[in-house]
Amino acid sequence: MNSSPTLIQGIGAVLFGLAILHTFSTKYFERLAHVQPKHAGIWHLLGEVEVVFGFWALVLMLFMFSLGGKQEATAYLDSRNFTEPLFVFAIMVIAATRPILQLSGSAVRVLARCMPFQRGVAMYFVVLSAVPLLGSFITEPAAMTLAALMLRDILFSQPLSNRLKYSTLGVLFVNISIGGTLTPFAAPPVLMVVAQWNWDLWFMVSHFGWKAAVAVVVNAGIATLLFRRQVGHMGRKVATDEAPVPVSVMLVHLVFLALVVLFAHHPAVFLGLFLFFMGFTTAYQRHQNPLILREALLVAFFLAGLVVLGGVQQWWLQPVLMKMDANAVFFGAAALTAFTDNAALTYLGSLVEGLSDEFKVALVAGAVTGGGLTVIANAPNPAGASILKEKFSDGVINPLGLLLGALPPTLVAVIAFQVL
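So, a few notes on the structure that sits alongside this text. Predicted, not measured: the structure shown is a model, and the values here were computed from it. (Residues numbered from 1 in each chain as written. Predicted model: local features only at pLDDT ≥ 70, side-chain atom pairs only at ≥ 80, totals over all residues. Heavy atoms only, no water.)

Counting its regular elements, the protein chain contains 21 helices and zero strands. Taken over C-alpha atoms, the radius of gyration comes to 21 Å for the protein chain, in line with the 22 Å a tight globule of 420 residues would show. Out of the 420 residues belonging to the protein chain, those deemed buried represent 56%. Sequence-distant contacts in the protein chain: of pairs separated by 6 or more residues, those separated by 24 or more amount to 81%. As presented, the protein chain carries roughly 18100 Å² of accessible surface, and 66% of it is formed by carbon and sulfur atoms. Charge-centre separation for the protein chain: the mean point of 23 positive side chains lies 12 Å from the mean point of 19 negative side chains. (Helix = DSSP H or I, 4+ residues; strand = E, 2+ residues; numbered from the N terminus. Rg over C-alpha atoms; globule rule 2.2 N^0.38 Å. Buried < 20%, exposed > 50% of the residue type's maximum accessible area, 1.4 Å probe, protein only. Contact = heavy atoms within 4.5 Å. Areas by Shrake-Rupley, 256 points an atom, 1.4 Å probe, with all protein chains shown as cover. Lys, Arg positive; Asp, Glu negative; His and termini not counted. Charge placed at Lys NZ, Arg CZ, Asp CG, Glu CD.)

Take a look at the structure:
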């Protein structure tokens, strides 16, 4: 690969760096909205973390149109694969519906009742352990949506310390990132390589899944032990006027969820199914809450912007990865994924011929290990951040707070993948 970047690649790298800085500065823009109310609208817009990468992707496309013309710019956009943002949009909306939430909430409560400690403590442990592992079967975006909504409506319904908030968020993000590795179809960084490298279910379980499961349980257990005196209210029954959803409606929602997961690589199919699903929710509106269309669209916009900006980073990202051995690539991928989507890292690795099996495993393990360090590290993270951010100061998740909260569970994941 030519080490000298083109003008557009250089501009893209600069804009990518600005987007990362912007991601860490959203709280500053929210404060500007209060200081300068005359321009509060634009500051609120720039303070939305989900808007950041879409905004800078727009700037990149303006450069492409001005420097290369319409044909070159549209050809670049047509070469990008937007399946993942579209899939995350569809799965978020379906997973956040009242029937799915009632069903998952009932399952969590049943599992919590089987545990030999206080109900609220057990609920906290189950949400941070069982739900992320469930992501291996219903996909990570769906698991993130379910866990974040349950934490928002139960745990975060009471005043909490910032330490508890950010520690819980860090454990959730890390556990979701590694918890989807039991199967070859649930985690975005795994999806990018399984077809190219011929990884099947047994390969995933034997090389990743059991280690990830150990780390998930340990992370949830440590957080539960540390905050056991502050999470007791999770055992209380949430007062609600909502009538129980009929089992038949729950089953229909589960069928739609399963079909969207089954056809996750075929946007024409899963978007068609999603439109049928929208019709069903309209017909049975009495069993629905308002769909989270705005939140899901913002997350999809974030991921689409990452796809557009990430497409011109290969010139520097791939050489960095390829200069590492198997041990170095694990830690290098874990560090790099804090600054770019982990699926982009594994995708670049899948383009290189002649990699050893040890290198391939280390690359994917490192990518999922670092998936909780920042909002942009893993595709489901923006979904969780979008749902939970209203419970944080000024409606903004502090990137440094998330990083500090995610470091301890990330170290547990490092030990699991490197030592076990």
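On we go.
Quick look at the side chain of Glu 140 now. Here Glu 140 shows up in helix α8 (residues 140–153). Of the side chains with opposite charge, Lys 211 comes closest to the buried, unpaired Glu 140, at an N-O distance of 17 Å. In terms of polar contacts, Glu 140 uses its side chain to reach the side chain of Asn 378, at 3.3 Å. Contacts of Glu 140, omitting those with residues within four sequence positions, involve Gly 135, Ile 176, Ser 177, Gly 180, Ala 186, Ala 187, Pro 188, Asn 378 and Pro 380. (Salt bridge = Lys/Arg side-chain N within 4 Å of Asp/Glu carboxyl O. Polar contact = N/O pair within 3.5 Å; in protein donor to acceptor, adjacent residues only side chain to side chain.)

Take a nonpolar patch on the surface next. A cluster of nonpolar side chains, Trp 210, Val 214, Val 218, Ile 222, Leu 226 and Leu 420, forms an exposed patch at the surface whose accessible area comes to about 510 Å². Here Val 218 lies in helix α12 (residues 201–226). (Patch = residues over 30% accessible without salt bridge, like charges linked within 9 Å, V, L, I, M, F, W, Y side chains within 5 Å.)

Taken as a whole and assessed by the stated rule, the structure comprises 18 aromatic pairs. Ring geometry for Phe 256 and Phe 277: centres 5.5 Å apart, planes at 70°, overall edge-to-face. On the criterion of sequence distance, the pair formed by Phe 256 in helix α13 (residues 247–262) and Phe 277 in helix α14 (residues 267–283) is long-range, its members being 21 residues apart. Phe 256 gets classed as buried once you look at its relative accessible area, which sits at 14%. According to the relative accessible area criterion, Phe 277 is buried, its value standing at 0%. Ring centres 5.1 Å apart and planes at 85° place the aromatic pair Phe 330 and Phe 331 in the edge-to-face group. Exposure remark for Phe 330: the relative accessible area of 1% places this residue in the buried category. (Phe/Tyr/Trp six-rings, centres within 6.5 Å; stacked < 30°, edge-to-face > 60°.)

At a minimum axis distance of 10 Å, the contact between α8 and helix α9 (residues 162–179) shows a crossing angle of 160°. The orientation of α8 with respect to α9, classified from their angle, is roughly antiparallel. Both α8 and α9 take part in a crossing whose hand is right-handed. Here Glu 140, Ala 143, Met 144, Ala 147 and Leu 151 of α8 lie close against α9, whose contacting residues are Thr 168, Leu 172, Phe 173, Ile 176 and Ser 177. Residue classes in the contact of α8 with α9 are distributed as seven nonpolar, two polar and one charged. (Axes fitted to C-alpha atoms, helices over the stretch in contact; angles between N-to-C directions. Parallel < 35°, antiparallel > 145°, perpendicular 65-115°, else oblique. Left-handed = near helix turned anticlockwise from the far one by under 90°. Nonpolar A, V, L, I, M, F, W, Y, C, P; charged D, E, K, R; others polar.)

This part takes up the side chain of Ser 177. Here Ser 177 is to be found in helix α9. A distance of 2.6 Å separates a polar side-chain atom of Ser 177 from the backbone oxygen of Val 368. Those residues in contact with Ser 177 that lie beyond four places of it in its chain are Glu 140, Asn 342, Val 368, Gly 371 and Asn 378.

Turning to the nonpolar core, a few remarks are in order. Taken as a class, soluble globular proteins show a tendency for nonpolar side chains to be buried jointly. Phe 53, Tyr 124, Leu 151, Leu 172 and Leu 309 are the most contacted members of the largest nonpolar core, which has 98 residues in total. Residue contributions to this core peak at 11 residues, all from helix α4 (residues 49–79). What Leu 172 contacts, discounting residues up to four positions off in sequence, is Leu 128, Met 144, Ala 147, Leu 151 and Leu 388. Ranked by size, the runner-up nonpolar core spans 38 residues in total, among them Phe 208, Ala 212, Leu 345 and Ala 362. (Core = buried A, V, L, I, M, F, W, Y, C linked by side-chain atoms within 4.5 Å.)

What follows deals with the environment of Leu 275. Summarising the element assignment, Leu 275 is placed in helix α14. Leu 275 sits in the exposed class, given a relative accessible area of 60%. Sequence separation between Leu 275 and Gly 17 is 258 residues; the distance between their C-alpha atoms is 37 Å.

The topology assignment puts His 44 in helix α3 (residues 40–46). Sequence separation between His 44 and Lys 27 is 17 residues, and the spatial gap between their C-alpha atoms is 9.7 Å. Those residues within four positions of His 44 in sequence are excluded, and the remaining contacts are Glu 30 and Ala 33. Among the polar contacts listed, one links the side chain of His 44 to the side chain of Glu 30, at a separation of 3.0 Å.

On to helix α15 (residues 293–310), then. In this model, α15 (18 residues) spans 25 Å end to end at C-alpha, consistent with the 26 Å of a helix rising 1.5 Å per residue. Within α15, burial applies to Ala 296, Leu 298, Val 299, Ala 300, Phe 302, Leu 303, Ala 304, Gly 305, Leu 306, Val 308 and Leu 309. Looking at the packing, one finds that the buried side of α15 touches α1 (7–23), α4, α5 (83–95) and α20 (381–388). (Expected span 1.5 Å × (residues − 1).)

Applying the stated criterion to the full structure yields one cavity of 30 Å³ or more. Taken as a whole, the largest cavity holds about 40 Å³ of empty space. As for the largest cavity, its lining consists of Arg 152, Ile 292, Glu 295, Ser 386, Ile 387 and Glu 390. Residues of the lining of the largest cavity, tallied by class, amount to two nonpolar, one polar and three charged. (1 Å grid on protein atoms, 1.4 Å probe; cavity = no way out; pocket = protein on both sides within 12 Å on 5 of 7 lines; lining within 4 Å. Points joined across faces, edges and corners; volume = space filled by probe spheres on them.)

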